[in-house]
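# Observations on the three-dimensional arrangement
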Amino acid sequence: MIKILIAEDNKDLNMIMVKRLQASGFAVDSVDTGYALLGHLKASDGPDAVILDLMLPGRSGIELLDTIIDKWEKTKVFIFSAYSQYGERHMMKNYSIAGYFCKSDGLDKLIEAVKDEFPPTD
């Protein structure tokens, strides 16, 4: 089963993402701070994907992005941020990420991108 780790500090959005991804057949864990994200990653082999909010309390997603990509190179990173000024072009050029999605565009595009990246294997 594909393992997804959500790093989102908005508790309501975090819960909605967990439920939607579980309903799509993924194994999902979630954290709400940058330190919790790092701790979860260090305690595991790394999930198949991380859905990363860039502005997490503690250590931000921006601060942790290099670490995630360097140490868990097989883990796909999907950025889901309220801050469009970082922009997809900047992130795609400078980092190897699976996609950049703005929260203002809704959750559907992100969920579809995750499902496209990890199609069912039945």
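Note: the structure precedes this text.
Residues numbered from 1 in each chain as written. Predicted model: local features only at pLDDT ≥ 70, side-chain atom pairs only at ≥ 80, totals over all residues. Heavy atoms only, no water.

### So, the layout of surface pockets
The volume enclosed by the largest pocket comes to roughly 220 Å³. Every residue along the wall of the largest pocket is listed here: Met 1, Ile 2, Ser 24, Gly 25, Phe 26, Lys 115, Phe 118, Pro 119, Pro 120 and Thr 121. Grouping the constituent residues of the lining of the largest pocket by class yields six nonpolar, three polar and one charged. (1 Å grid on protein atoms, 1.4 Å probe; cavity = no way out; pocket = protein on both sides within 12 Å on 5 of 7 lines; lining within 4 Å. Points joined across faces, edges and corners; volume = space filled by probe spheres on them. Nonpolar A, V, L, I, M, F, W, Y, C, P; charged D, E, K, R; others polar.)

### Observations regarding the sheet that holds strand β2 (residues 27–31)
Taken in spatial order, the five strands make up an open sheet running β2-β1-β3-β4-β5, and their pairing is parallel. Because the sheet does not close on itself, it has two edges, and the strands there are β2 and β5 (99–102). The mean inter-strand angle of the sheet, taken between neighbouring strand axes irrespective of direction, is 20°. Direction of pairing for strand β3 (residues 49–52) relative to strand β4 (residues 76–81): parallel, over a ladder of four bridges. The residue bridging Val 50 from the neighbouring strand is Val 77, located in β4. Against the sheet, helix α5 (residues 108–117) contacts β1 (3–7), β3, β4 and β5, and its axis sits at roughly 175° relative to β4. (Pairing = 2+ DSSP bridges. Helix = DSSP H or I, 4+ residues; strand = E, 2+ residues; numbered from the N terminus. Axes fitted to C-alpha atoms, helices over the stretch in contact; angles between N-to-C directions. Contact = heavy atoms within 4.5 Å.)

### Focus on the pairing of β3
Side chains Ala 49 and Ile 51 of β3 all project onto a buried face; the interleaved residues Val 50 and Leu 52 project onto the opposite face, where all are buried too. With four bridges connecting them, β1 and β3 associate as parallel partners. Across the sheet, residue Leu 5 finds its bridge partner in β3, namely Val 50. Traced from β3 through helix α3 (residues 61–71) to β4, the parallel crossover comes out right-handed. (Buried < 20%, exposed > 50% of the residue type's maximum accessible area, 1.4 Å probe, protein only. Right-handed = clockwise from strand over helix to strand, strands pointing away.)

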